[in-house]
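In case you want the letters, here they are:
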Amino acid sequence: MSFMDNMNTTPEPRDIWVVAEVGTHGKPTPLSLEIVGGARMMADGLGCYVHAVVMGSGLEAVAQELIAAGADRVHVADAPNLEHPDARCKVLSELLAAQPPEVLLFGATRLADELAPRLAQRFDTGLLAHCIALYMDESERVLIGTHPVFDGEYYEVIACPSARPEIATVEPNTFGPPYLDSYRFGETEPVAVDLTGFASRVSMTGPMDYAPLGVPLRKARRIVSAGRQAGDFELVMQLAGVLEAHVAGAREALDEGWITEEQVVGAMGESVRPDLYVAVGIRGDTYHAFGIRDAKFVVAIHPEAGVPLLKSADAGLVGDPPKILTELLESLK
Amino acid sequence: MKIVVAIKQVLDPRGFTVNRKAEKIFVNREEYIINPPDRCALEAALRLKEAAGAEVIVLAGGPERAGDALRQAWAMGADRGIHLTDKLFAGADGLVAAKLLATAIRKLADVDLALTGDRALDTGAGEVGPRLAEALGWPHILAAHRVEVSDGMVKAIVAVGKQFFAVQAQRPAVVVIASGANQPRYGNAARVINSYREWNPEVWNAADLGLAESDLKVAVEKRGQAFPPERQPGTLLSSAGELVGLLKRQRVI
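Keep in mind that what you see is a predicted model, and the values were worked out from it rather than measured.

**Notes on the sheet that holds strand β13 (residues 246-249) of chain A**
Read across the open sheet, the 6 strands follow the order β13(A)-β12(A)-β14(A)-β15(A)-β16(A)-β15(B); overall the sheet is parallel. In this open sheet, the two edge strands, each paired with only one partner strand, are β13 of chain A together with β15 (235-237) of chain B. Shown here is a sheet whose adjacent strand axes are inclined to one another by a mean of 20°, direction ignored. The pairing of strand β14 (residues 276-280) of chain A with strand β15 (residues 297-302) of chain A spans 5 bridges and is classified as parallel. Within β15 of chain A, the position partnered with L276 of chain A by the bridge is F297 of chain A. Together, β12 (222-226), β13 and β14 of chain A form the strand contacts of helix α6 (residues 233-243) of chain A, whose direction differs from that of β12 of chain A by roughly 175°.

Laid out in structure tokens, this is it:
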């Protein structure tokens, strides 16, 4: 086979590519840097290069930080009209078609939700979505991802053994903070953006005012809940406002007249599963404990040290609730 | 106007418990439900039907039991139900599911709108909507809260972070409905019972869709399960500032 024959065949998929995003402050997002750092570790194991792609406008200073985090080559697509996901999809797919990657990583963001499945379908390959753990099995040379199913009840381990590229979207804290080496050497390559004749079929205007349907208590992501020892319910409401949380309470709070029947958390009320549950002045009897058994992070604030909820909570504070709430509101500002 | 809603049947999460310590899933009742986000998509389609008049066609893949999901959808008000089932479809991932749905939609012809839920409970991935759009060559809209149709266009209000934007796309298009965008209705109980007596979903297999085994190669394979760590006993803190620091480190606020 001569050299010229080789020129015409499609190139072999190789290297790890990361689609990096730029935050509002004009720097790569922490998640993008983290993924570049993770990609660097995988690439060192495999013996290949890490490419990063950034798309947007005004990106002069972005490349250096991505190189410091571990990118060997940063492809910068700098054009004024690259905000729209459709335009980015077009630029990215052309770039990747010319230099097919072995692995393509995204941060699990809105942009990835738009682009990653589309590109996966276009390249006839699989997608490991929303991974919370991701590693390269070097014996098989296959990317193994772990992602939560049934709203995080358990995790499923998945892989895409034959199709290339292996595409994954990665949640924050998967790889941990990257090692930033500002003396690392890397190349920056501008990407020619040709969007003449390209008109997106989707247009977006806004932001606009829209009141979505209220989220019911059992689906709330954050809940501030009051019990008999809460002291000042007004402060509880304020904390909920600052945290953008739902207000709820134990059965005693209903007796106090602070909340309605629908806001009672416990075995005889709602079972909730928020990411954050702040219990203010709640003892935490069995009934209440049943209602919050699926809460991810429980904070208990109570004046007495021996109450059951302080023992089972993820974080506890002993003291006068109104005083602690005032301090909390102060430090959250 | 023809609106297609793609639904998936998933295991009812109320029927099993996960023991993190034993790293096992205990299935108490093996019952299947319509994937809850897909119910929101169906509700959005039924509201469009009421507002503008449309034929709502529900597509579901899966073994024989997926017929129950179609019957529930029919009881909610769908006009047609099509059950995509074949031995070759077993174990379909997002790639194959999108191909199947796209082939079925092409076969239906003149479809104006395809609606999907924003994720499947049993895979956690919201990939089928954009994948379907790509397979059909249509535009897509993600996380739509309210959908309207006007001549040749579909308009939606979508959530991006905490903000809302007005989006419009040319039809035909795929619209992914945000879960919680609406309150799905319940199927009329008599209609649910009647659905077993007097109605049957159409059944399409690989031959009907003109698909061969080589078209249905699965890309993603399952390699097992993992479990979240057991809950650790918490720590007692001394000040509110410390609590805020901890919450930020844990990324709960």
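**So, the interface of chain A and chain B**
Tallying the contact residues gives 60 residues for chain A and 62 residues for chain B. Contributing elements (two or more residues each) for the side of chain A that touches chain B: α5 (110-122), β5 (127-131), β7 (142-149), β8 (154-159), β11 (202-208), β15, β16 (315-318) and α10 (321-332) of chain A. Among the elements that make up the side of chain A that touches chain B, the one with the highest residue count is α5 of chain A (8 residues). In this sheet, β15 of chain B lies alongside β16 of chain A in parallel orientation, the contact comprising 3 bridges. When the bridges of β15 of chain B are listed, L317 of chain A appears paired with L237 of chain B.

**Quick notes on α5 of chain A**
Residues three or four positions apart in an α-helix share a direction because the helix packs 3.6 residues into each turn. All names here are of chain A. Compared with an ideal rise of 1.5 Å per residue, which puts 13 residues at 18 Å, α5 spans 19 Å between its outermost C-alpha atoms and is within 8% of the ideal. Among the 13 residues that make up α5, 10 are buried, leaving the element largely enclosed by the rest of the structure. For α5, the set of buried residues is A112, D113, E114, L115, A116, P117, R118, L119, A120 and Q121. Phi turns positive, to about 60°, at D124, one or two residues after α5.

So, how was this worked out
- Residues numbered from 1 in each chain as written.
- Chains lettered and ligands numbered in written order.
- Predicted model: local features only at pLDDT ≥ 70, side-chain atom pairs only at ≥ 80, totals over all residues.
- Pairing = 2+ DSSP bridges.
- Helix = DSSP H or I, 4+ residues; strand = E, 2+ residues; numbered from the N terminus.
- Axes fitted to C-alpha atoms, helices over the stretch in contact; angles between N-to-C directions.
- Contact = placed C-beta atoms within 7 Å.
- Expected span 1.5 Å × (residues − 1).
- Buried ≥ 20, exposed ≤ 12 C-beta atoms within 10 Å, placed from the backbone.

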